[in-house]
Structure formats: C-alpha cells, structure tokens
Amino acid sequence: NNAGSITAVNTEMTPSAGTSVVSIQRAIDLTASTTGGTTINNSGVILGDLLFGSAGNNNVLNVGNTGASGTANATGVVNTPSNYAIIGASLISRPTTGVPSANATLLDFGSGTGHQLNIGGFGYLNADIRSGVGALDVTVQNNGLLFIANTTTSLQANNFNVGTNGVLGLSISQANLNSLAPVVQANAANLTGASLALQFGTFISSGFTAASVASPV
C-alpha cells in the first residue's frame, strides 16, 4: 500500500560522443516473483516503472478511490481534486487543485492471466501497459483518468470498461501511424459516458517541402 511517494530518479548523464546511454527508472520491480496474486493499492504518488512478477496470475493495481461506492482503497486515504493518486514516469504539473499531468511510464503485469487495473475517483495513470492477450481487466470509474501510451504494441484487455465521467486518453504519435496495432485491443469494451482525450507525441518531418524540413512537427 502506498499513500506517500515512491520515486525513481536517475542522475542526468552527458555521454561522450558515440556513446549510447539507456535510462531505466523502476519504482517497483517484482519481476523476480513467479507466484502472482500481488495487489498494489496507490493513493499517493508512484513515479517510475511498475513491474509485477514475470509469471503468476491475478495481479491487481488499484489507483485512487476504488473502494465500495467510490470510497478509499485499502490505504484508507481518500483522494480528492486536491489530492490525486498519480502513477507516471515524472511529473509535468501538479496543481493545488485539479488534474495533474505526468510523462508516461511502463506498467507490466507479466505473463499470467486474471489481472486487474482499477482506476478509481481522482486516480491518474499514464503508462505503456503490457499484459498477455486477454489477460487484463481494465476499469475506470467516475472521475478516474487513464492515459494509455502504448505505441507499437496494444494494451491487451479482456474487459475494458470506462464509466460515466471517466477519462480515457489515447497516445497518438508517429509510432502509432507506422504500426498496424491498435492502442487498445479488448474482448469486450464499454465506454458509455466516458470522455476521450488524445495526447500527441512526436512526428518527424517527411522532408517533402523546405518548410517541413526546417520546422518538423
């Protein structure tokens, strides 16, 4: 359970010419586990990759007020418009009151089945979400926000439900345009009453005109 802050921070490096540097920021890494059945309740802030066990079934991530009738999750801390539960790579903005913004992180449920991702009221998640085909049930409740940053691989869901006043954000970038994979692939989906948001990534100029070469989008 987390009602505080779990943050993975790397020291910025300036590599020599011709040197390749890979940055890894892992807030929670459970990949050594193969038993499954892990539940993470977040009412605070988690910044960095979140990796469940490499094998095992029935892993659960609860973000925000996922308790009965929109009450607090197992942390016992109630999230509000001035106290969002947040999961991302790094914060872009966190206003005193209102919706935060974070860069996308990696959320990996491992190879098992029967996993759950639950975004409750005043919960915010921005991530590239990985699981096996049809292995993950996704629920976004009233006032929950889920931003999906998958580009070359789809979020593979069994049931995908976004309730009234829930927000579903989809990543649109050049990687999406060059991939045949949809952002979300689900066996069943219900988006009744949901709000759709789009987050735009980088697009590189095709170079067909001088203006597009000089000022790529």
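Residues numbered from 1 in each chain as written. Predicted model: local features only at pLDDT ≥ 70, side-chain atom pairs only at ≥ 80, totals over all residues. Heavy atoms only, no water.

Undergrad: Any chance you could explain the overall build of the protein here in plain terms?
TA: From N to C terminus, the protein includes two helices and 18 strands. A burial count over the protein gives 41% of its 217 residues as buried. Across the protein, every contact between residues at least 6 apart in sequence was considered, and the portion connecting residues at least 24 apart equals 48%. When the accessible surface of the protein is totalled, it reaches about 10600 Å², and 53% of it is carbon and sulfur. (Helix = DSSP H or I, 4+ residues; strand = E, 2+ residues; numbered from the N terminus. Buried < 20%, exposed > 50% of the residue type's maximum accessible area, 1.4 Å probe, protein only. Contact = heavy atoms within 4.5 Å. Areas by Shrake-Rupley, 256 points an atom, 1.4 Å probe, with all protein chains shown as cover.)

Undergrad: What is the right way to read the environment of Gly48 from this model?
TA: Residue position: Gly48 is located in the loop between strand 4 (45-47) and strand 5 (49-51). Overall, the relative accessible area of 1% leaves Gly48 in the buried class. Note: C-alpha distance between Gly48 and Asp29 (19 residues apart in sequence) is 9.9 Å. If near-sequence neighbours (up to four positions away) are discounted, Gly48 is found in contact with Ala8, Gln25, Ala27, Gly88, Ala89 and Thr105.

Undergrad: Help me out: how do you make sense of the pattern of salt bridges in this one?
TA: Once their charged atoms are close, side chains differing in charge can pair, the charge on each being opposite to the other. In this structure the tally under the stated criterion is two salt bridges. The partner of Asp29 in a salt bridge is Arg26, and the shortest N-O contact between them spans 3.3 Å. Accessibility expressed as a relative area gives 37% for Asp29, which makes it partly exposed. By relative accessible area, Arg26 is classed as partly exposed at 44%. (Salt bridge = Lys/Arg side-chain N within 4 Å of Asp/Glu carboxyl O.)

Undergrad: Teacher, can you tell me more about the nonpolar core here?
TA: Side chains of nonpolar character tend, in soluble globular proteins, to be buried together. If you look at the biggest cluster of nonpolar residues, it comprises 30 residues, and the most contacted ones within it are Leu61, Leu107, Leu117, Ile129 and Leu146. Broken down by element, the residue count for this core peaks at four residues, all from strand 15 (residues 155-162). Once residues within four sequence positions are removed from consideration, Leu146 is found in contact with Leu117, Ile119, Leu125, Ile129, Val138, Val140, Phe160, Val167, Leu168 and Gly169. Counting ten residues, the second largest nonpolar core, distinct from the first, contains Tyr84, Ala102, Phe122 and Val167. (Core = buried A, V, L, I, M, F, W, Y, C linked by side-chain atoms within 4.5 Å.)

Undergrad: Which parts of the structure should I look at to understand the environment of Pro81?
TA: If you trace the backbone, Pro81 turns up in the loop between strand 6 (60-63) and strand 7 (85-88). A relative accessible area of 39% places Pro81 in the partly exposed class. The residues touching Pro81, leaving out its near neighbours within four places in the chain, are Thr96, Thr97, Gly98 and Phe122.

Undergrad: Help me out: how do you make sense of the sheet that holds strand 6 in this one?
TA: Paired through backbone hydrogen bonds, the strands of a sheet run either parallel or antiparallel to each other. The strand order across the open sheet built from six strands is 3-6-11-13-15-17, with neighbouring strands paired in parallel fashion. What marks the edges here is a single partner per strand, and that holds for strand 3 (39-42) and strand 17 (184-190). For this sheet the average axis-to-axis angle between neighbouring strands, irrespective of direction, equals 15°. Here strand 3 runs beside strand 6; their pairing, made up of four bridges, is parallel. Following the sheet pairing, Thr39 is matched in strand 6 by Val60. (Pairing = 2+ DSSP bridges. Axes fitted to C-alpha atoms, helices over the stretch in contact; angles between N-to-C directions.)

Undergrad: Mind showing me how you'd approach the environment of Ser33 here?
TA: With respect to the secondary-structure elements, Ser33 resides in the loop between strand 2 (26-29) and strand 3. Its relative accessible area of 25% is what places Ser33 among the partly exposed residues. Ignoring any residue separated from it by four or fewer positions in sequence, one finds Ser33 in contact with Gly53, Ser54 and Ala55. One polar contact links Ser33 to Thr35, side chain to side chain, over a distance of 3.4 Å. (Polar contact = N/O pair within 3.5 Å; in protein donor to acceptor, adjacent residues only side chain to side chain.)

Undergrad: Would you mind showing me how to read unusual backbone geometry here?
TA: Backbone phi values are negative for most residues with the exception of glycine, while trans is the configuration of most peptide bonds. Notably, Asn58 is not glycine yet its phi reads approximately 65°, a positive angle. On the secondary structure map, Asn58 appears in the loop between strand 5 and strand 6. Looking at Asn58, the relative accessible area reads 46%, which means it is partly exposed. Phi is positive for Ser69, which is not a glycine, with a value near 55°. Mapped onto the elements of the fold, Ser69 is located in the loop between strand 6 and strand 7.

Undergrad: Before we go on, may I ask you to explain the pairing of strand 10 (residues 105-108) in this structure?
TA: Along a regular strand, successive side chains alternate from one face of the sheet to the other. Only one face of strand 10 is covered, namely the one carrying Thr105 and Leu107; the face carrying Leu106 and Asp108 has none of its residues buried. With four bridges joining them, strand 10 and strand 12 (residues 123-130) adopt parallel strand pairing. Paired with Leu107 across the strands is Ile129, a residue of strand 12.

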